[in-house]
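# Close look at the chain arrangement
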Amino acid sequence: MIDDLDRFDSRRSTVRANRGMVATSQPLAAQAGLSILRDGGNAFDAAVATAAALNVVEPTSTGLGGDVFALYRTADGEVGAMRACGGAPAGATIENVKAAIREAEDPSAWYPASRGYAVDAAADADDLGMPFLGPHAVTVPGTARGWEATVERLGRKTLAEVLDPAIRYATEGFPVSEVISYYWQGATDLFTDAHAREAYLFDGESPAPGETVTLERLGESLRQIAAAGADVVYEGEIAEAIAAEVRSKGGFLTVDDLAGFEPEFVDPVSTTYEGAEVYELPPNNQGLIALEALNLAAEIGAGDHPYDSPERVHSFAEATKLAFVDGHRYVTDPEYETVPPLASKAYARERAEAIGESPISDPAVGVPNATAEDADTVLLTVGDDEGNLVSYINSRFAGFGSGLVAGETGIALQNRGASFSLDPDHPNSLEPGKRPFHTLVPAVARFGPDDWAAFGVMGGYMQPQGHVQVLSNIVDYDMGEQEALDAPRWRYREDGTLGVEERLPNAAKLARKGHDVRVLPPSLFGGAQLVRRREGTLAGATEPRKDGHVAGY
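So, how was this worked out
Residues numbered from 1 in each chain as written. Predicted model: local features only at pLDDT ≥ 70, side-chain atom pairs only at ≥ 80, totals over all residues. Heavy atoms only, no water. Helix = DSSP H or I, 4+ residues; strand = E, 2+ residues; numbered from the N terminus. Rg over C-alpha atoms; globule rule 2.2 N^0.38 Å. Buried < 20%, exposed > 50% of the residue type's maximum accessible area, 1.4 Å probe, protein only. Contact = heavy atoms within 4.5 Å. Areas by Shrake-Rupley, 256 points an atom, 1.4 Å probe, with all protein chains shown as cover. Arc of directions from axis to C-beta. Pairing = 2+ DSSP bridges. Axes fitted to C-alpha atoms, helices over the stretch in contact; angles between N-to-C directions. Phe/Tyr/Trp six-rings, centres within 6.5 Å; stacked < 30°, edge-to-face > 60°. Salt bridge = Lys/Arg side-chain N within 4 Å of Asp/Glu carboxyl O. Parallel < 35°, antiparallel > 145°, perpendicular 65-115°, else oblique. Left-handed = near helix turned anticlockwise from the far one by under 90°. Nonpolar A, V, L, I, M, F, W, Y, C, P; charged D, E, K, R; others polar. Core = buried A, V, L, I, M, F, W, Y, C linked by side-chain atoms within 4.5 Å.

## Points about the overall build of the chain
Summing up its helical and strand segments, the chain has 18 helices and 19 strands in all. The globule rule puts the C-alpha radius of gyration for 553 residues at 24 Å, and the 22 Å found for the chain is close to it. Dimensions of the chain, computed from the C-alpha atoms along their principal axes, are close to 55 × 55 × 45 Å. Evaluated residue by residue, the chain yields a buried proportion of 64% over its 553 residues. Long-range pairs, those at least 24 residues apart, make up 72% of the contacts in the chain between residues at least 6 apart in sequence. Summed over all atoms, the accessible surface of the chain reaches about 19000 Å², with 44% contributed by carbon and sulfur.

Dropping the structure here:
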């Protein structure tokens, strides 16, 4: 079926408007955000409305059981960030998780072959990494309190008002779009638990493209949050259902773990690239990887090469490769480990000496978890007529997450804990309360005095290298917004290969330079969204490799 998804070759134009704009991966969700803008809400209200709608219409990639992050520029010029991701349960020590793996009847169920694991029922717990599925992969979800904090601090609407479109989609029904149907069908075997099957399968099947479905249990949970606020997810009835679900499967999560969570408003990290100021999220997110890669690319003049040349891709890929080496070695929860200043230009000058005409071989990237490479996420960008811009990103990590749905809430719980290591010497080693290495990185860029963009490229380890490519397309090669997203992409893979889209120019010459080049389907090159505000006019672009849509007025 992936061939069916990749058969389209449509032309898109940059969308332009002057009052408000939403760009995201599903048309109905974009309309939800636009309706809030039309009704007097600002970009932050619309961002939460869009994210909540995606929780319903694109449940394959996001949900209340996951985390949410924001990077934004307000109308009065503040550039800020929000981080709403929880940590490991208080009882989740390395020793306890290993003991649980040893005691499990069939631990192989937590290590799916579809993600590259080869584990049998008799496997030694000491030889296994952190479970990818199941109760031990569940960390405290940040989404509900993150949504609430966004509208209370930055918006104008109430949480109930911005959740209304999502509630209506969940309870009145919506037709499933094509890319989402594909991933939903691919997750059918994940739903081994009765609560999951009842919430997300219909007569035992995932929905086909165009099939209208309702998610009544999820809709009821959204209603409770609208009526009582996010506390119901962390201290009330929904919290009890989440904790009970995880503990009934042998996990350690408690209501106390949930109640102790609060989102954070943090200072972004930043650098400049060829005159553009680029802002990313700080650790525990991988924003530093994007910034280091940009600094390295600038140091070696990667953007000076002709666009169609193999030297361009080689230079940017080598810069990204080194940034991954450093990011995966050092980026972790800063409350537990010191993270060096990887965004320093002085550091980039030193590291750039390793980049030459031939690919760096065996760079020891040391990924926190190789299964995160192609994880699933939603990203949306919003702009309004006041000058607010926000890049907003939600995820459960991989698809429907851990495979667990909390009781009758319809809330699928994330498996972000899979990014922990059970090696106590690893920077991302599991510890109670610790937040795992996080792939999610929304971004903002300033191209000129009155020229700002909110953007991002979702999709596991594609995210920082997607940021590099989109920015370079705009800054180095003067591409328009949609053209910058349409352009063929490359991606460095954790196995050392260089993935390219089939239409990338001169890919064969990259192989002659020594790269192990693999042509990959477009669906593996991320999902970008971008809204730019320049001299009062909004321009929006969306990902052609998704069910993307830009709505403006």
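Still more ground to cover, so stick around.
## Some thoughts on helix α4 (residues 94–103)
For α4, the set of buried residues is Ile 94, Val 97, Lys 98, Ala 100 and Ile 101. In a view along the axis of α4, the buried residues occupy a sector of 160 degrees, so they form one face of it. Exposed side chains of α4 directed beyond 90 degrees from the buried face belong to Glu 95 and Glu 103.

## Notes on the sheet that holds strand β15 (residues 498–500)
With mixed pairing, three strands are arranged side by side in an open sheet as β14-β15-β16. Of all the strands in the sheet, just β14 (490–492) and β16 (517–519) have a single pairing partner and so form its edges. Put simply, the sheet's adjacent strands are angled 25 degrees from each other on average, direction ignored. Examined bridge by bridge, β15 and β16 share three bridges and lie parallel to one another. Pairing of Val 500 across the sheet is with Val 519, part of β16.

## Considerations on the packing of aromatic side chains
For any pair of aromatic rings, the description rests on two quantities: the centre-to-centre distance and the angle between the ring planes. Taken as a whole, this structure holds 16 aromatic pairs when the rule is applied. Summarising the aromatic geometry, the rings of Phe 191 and Phe 400 are spaced 4.8 Å apart at their centres and angled 75 degrees between planes, so their arrangement reads as edge-to-face. Separated by 209 residues along the polypeptide, Phe 191 in the loop between α7 (178–186) and α8 (194–200) and Phe 400 in the loop between β11 (389–397) and β12 (443–448) bring together distant segments of the chain. For the pair Phe 191 and Phe 400, a shared accessibility class is recorded, and that class is buried.

## Focus: the side chain of Thr 188
Position of Thr 188 among the secondary structure elements: in the loop between α7 and α8. Non-local contacts of Thr 188, meaning those with residues more than four positions away in its chain, are made with Arg 197, Leu 201, Gly 204 and Ser 206.

## Some words on the pattern of salt bridges
Here the structure, examined in full by the defined rule, presents 29 salt bridges. The shortest N-O distance in the salt bridge between Glu 264 and Arg 435 comes to 2.4 Å. You can see Glu 264 sitting in strand β7 (residues 264–266) and its partner Arg 435 sitting in the loop between β11 and β12, a full 171 residues away along the chain. Taken together, the shared-partner salt bridges connect Arg 16, Asp 451, Glu 481, Arg 532 and Arg 534 into one network.

## Looking at the packing of helix α2 (residues 27–38) against helix α3 (residues 43–57)
It is the contact of α2 with α3, at a shortest axis distance of 8 Å, that shows an interaxial angle of 150 degrees. Accordingly, the angle class assigned to the pair α2 and α3 is roughly antiparallel. Here α2 and α3 pass one another in a crossing that is right-handed. Contacts between α2 and α3 pair Leu 28, Ala 29, Ala 30, Ala 32, Gly 33, Ile 36 and Leu 37 from the former with Ala 43, Asp 45, Ala 46, Ala 49, Thr 50, Ala 53, Leu 54 and Val 57 from the latter. Taken together, the residues that form the contact of α2 with α3 break down as twelve nonpolar, two polar and one charged.

## With respect to the side chain of Ser 221
Mapped onto the fold, Ser 221 is located in helix α9 (residues 216–228). Take Ser 221: its relative accessible area is 2%, and that puts it in the buried class. Once you skip the residues sitting within four places of it in the chain, Ser 221 turns out to touch Ile 238, Thr 409 and Ile 411.

## Overview of unusual backbone geometry
With a phi close to 55 degrees, Asp 478 is a non-glycine residue in the positive phi region. Topologically, Asp 478 is positioned in the loop between α16 (462–475) and α17 (481–486). Classification of Asp 478 by relative accessible area gives exposed; the value is 68%. For Glu 535, which is not glycine, the phi dihedral falls at a positive 50 degrees.

## Concerning the sheet that holds strand β17 (residues 527–534)
The strand order across the open sheet formed by seven strands is β1-β18-β17-β13-β12-β9-β8, and the pairing between neighbours is antiparallel. Two strands lie at the open edges of the sheet, namely β1 (15–17) and β8 (269–273), each paired on one side alone. Taken pair by pair, the neighbouring strands of this sheet meet at an average axis angle of 20 degrees, ignoring direction. Here α16 sits on the sheet and contacts β8, β9 (276–280), β12, β13 (451–458) and β17; the angle it forms with β13, its principal contact strand, is near 145 degrees.

## Quick look at the pairing of β9
For β9, a buried count of four out of five residues is recorded, marking the element as mostly surrounded by other parts of the structure. Connecting β8 to the next strand, β9, in antiparallel fashion are two residues, including Glu 274 with a positive phi near 50 degrees. When β9 meets β12, the two strands line up antiparallel, connected through three bridges. Bridge assignment links Glu 277 to a residue of β12, and that residue is Arg 446.

## Structural notes on the nonpolar core
Core analysis: the biggest nonpolar cluster contains 98 residues, and Val 56, Trp 147, Trp 184, Tyr 200 and Tyr 392 have the highest contact counts within it. A total of twelve residues in this core trace back to one element, the largest contributor, which is α3. Counting 55 residues, the second-largest nonpolar core is a separate cluster that includes Ala 317, Ala 348, Leu 471 and Trp 490.

## Concerning the packing of α3 against helix α5 (residues 143–154)
At their nearest, the axes of α3 and α5 sit 9 Å apart, and the two run at 165 degrees to each other. As far as their axial angle goes, α5 and α3 are roughly antiparallel. Between α3 and α5 lies a crossing whose hand is left-handed. Here Phe 44, Asp 45, Val 48, Ala 51, Ala 52 and Asn 55 of α3 lie close against α5, whose contacting residues are Trp 147, Thr 150, Val 151 and Leu 154. The residue makeup of the contact of α3 with α5, split by class, is seven nonpolar, two polar and one charged.

## Remarks on the pairing of β17
By the criterion of burial, β17 is predominantly enclosed, with seven of the eight residues buried. Across six bridges, β17 lies against strand β18 (residues 537–542) in antiparallel orientation. Looking across to β18, one finds that Leu 530 is bridged to Ala 541.

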